[in-house]
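Residue-level structure breakdown
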Amino acid sequence: FNKGMELYKKEKYGAAQHYFLKFYESHEGIKTELITLAQYYAALCALELSNGDAEYLVNRFVNENPENPLINKAYFLLADYAFRRNSYPMVLKYMPLVDRYYLDQDELSQYYFQTGYSHYMRKSYPEARVAFYEIKDIDSKYSIPALYYYSHTAYEEKNYETSLNGFLRLLDDETFSGVAPYYVTQIYYHQKKYSELVAFAPSLMEKASDNKRSAEISKIVGEAYFYLDR
């Protein structure tokens, strides 16, 4: 067990898992805290390695230790493992089993973002927006992406004012400044705010992320001038 922990701390997960499993299997049928920890860390190694048996090992740990407080962390890491593998139904299977009140602030932000993004990828926009709302205004590495997807889901559901407020905040963001003007222009057009559109769009067209979007904005601006001149 100690050798396994030494290797685990050095992030040598394959070798560490070998020792944890060896320790656990040599004491099969015996229950001590150390044996339970060996089983837990063997499952964590599988998650770190993205091994195909990771889900099985976590569930075996849960089934054999149903009252163990480490279950919450195990489910959280299993959901993260699924997210890294783009297995969004699996994320939505295990993340609801996590008691978020036992997560720290960074983990909680991750919890909401991965839940929201998994709903987003399944086009479950109302559920996605609820999750993104929780973190879009806090100080976290997930807050800006959450604001983008929150605004995008609002756009998809034609909730244009909410979407507009979000994309206006993203105009100067390094990651999303290329796409945000496109949405702002589209929203002004849908809202028939042609004066705002022609005042906003031309100066920001160079920020459009590709030529196709730039052409679309030009077309919309032309139509806006047409409606203003009528």
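Treat the numbers as computed from the prediction; the structure is a model and nothing was measured. (Residues numbered from 1 in each chain as written. Predicted model: local features only at pLDDT ≥ 70, side-chain atom pairs only at ≥ 80, totals over all residues. Heavy atoms only, no water.)

1. So, unusual backbone geometry
- Of note in this structure, K158 is not a glycine but carries a positive phi near 65°.
- Within the secondary structure, K158 sits in the loop between α9 (143-156) and α10 (160-169).
- Here the phi dihedral of K192 falls at roughly 60°; this positive angle occurs in a residue that is not glycine.
- Judged by its relative accessible area of 63%, K192 falls in the exposed class. (Helix = DSSP H or I, 4+ residues; strand = E, 2+ residues; numbered from the N terminus. Buried < 20%, exposed > 50% of the residue type's maximum accessible area, 1.4 Å probe, protein only.)

2. Let's talk about the packing of aromatic side chains
- Per the counting criterion, the structure on display carries 33 aromatic pairs.
- Judged by centre distance (5.6 Å) and plane angle (25°), the ring pair of F20 and Y41 falls under stacked. Taken as a pair, F20 in helix α2 (residues 13-26) and Y41 in helix α3 (residues 33-48) lie far apart in primary sequence, 21 residues in all.
- Y41 sits in the buried class, given a relative accessible area of 19%.
- On the basis of an interplanar angle of 80° and a centroid distance of 5.2 Å, the ring pair of Y117 and Y149 is categorised as edge-to-face. Here Y117, found in helix α7 (residues 105-121), pairs with Y149, found in helix α9; they are 32 residues apart in sequence, far enough to count as distant.
- Using a relative accessible area of 16% as the deciding quantity, one classes Y117 as buried.
- For Y149, a relative accessible area of 16% translates into the label buried.
- Its guanidinium or amino end placed over the ring of Y150, K136 lies 5.0 Å from that ring's centre, counting from NZ or CZ. (Phe/Tyr/Trp six-rings, centres within 6.5 Å; stacked < 30°, edge-to-face > 60°. Lys NZ or Arg CZ within 6 Å of the ring centre and 35° of its normal.)

3. Some words on the side chain of N65
- Of note, N65 is situated in the loop between α4 (54-64) and α5 (70-84).
- When neighbours within four sequence positions are excluded, N65 is seen to be in contact with K31, T36, Q39 and I71. (Contact = heavy atoms within 4.5 Å.)

4. Looking at the nonpolar core
- Counting 81 residues, the largest nonpolar core has F20, F113 and F132 as the members making the most contacts within it.
- It is α3 that contributes the most residues to this core, ten residues altogether.
- Excluding residues within four positions of it along the chain, F132 makes contact with F113, G116, Y117, Y120, A146, Y149 and Y150. (Core = buried A, V, L, I, M, F, W, Y, C linked by side-chain atoms within 4.5 Å.)

5. Structural notes on the confidence of the model for the chain
- Averaged over all residues, the pLDDT of the chain is 92; the fraction at 70 or higher stands at 95%.
- Least confident of the elements in the chain is helix α13 (residues 211-229), whose mean pLDDT is 82; most confident is helix α6 (residues 88-94), at 98. (pLDDT = per-residue confidence, 0-100.)

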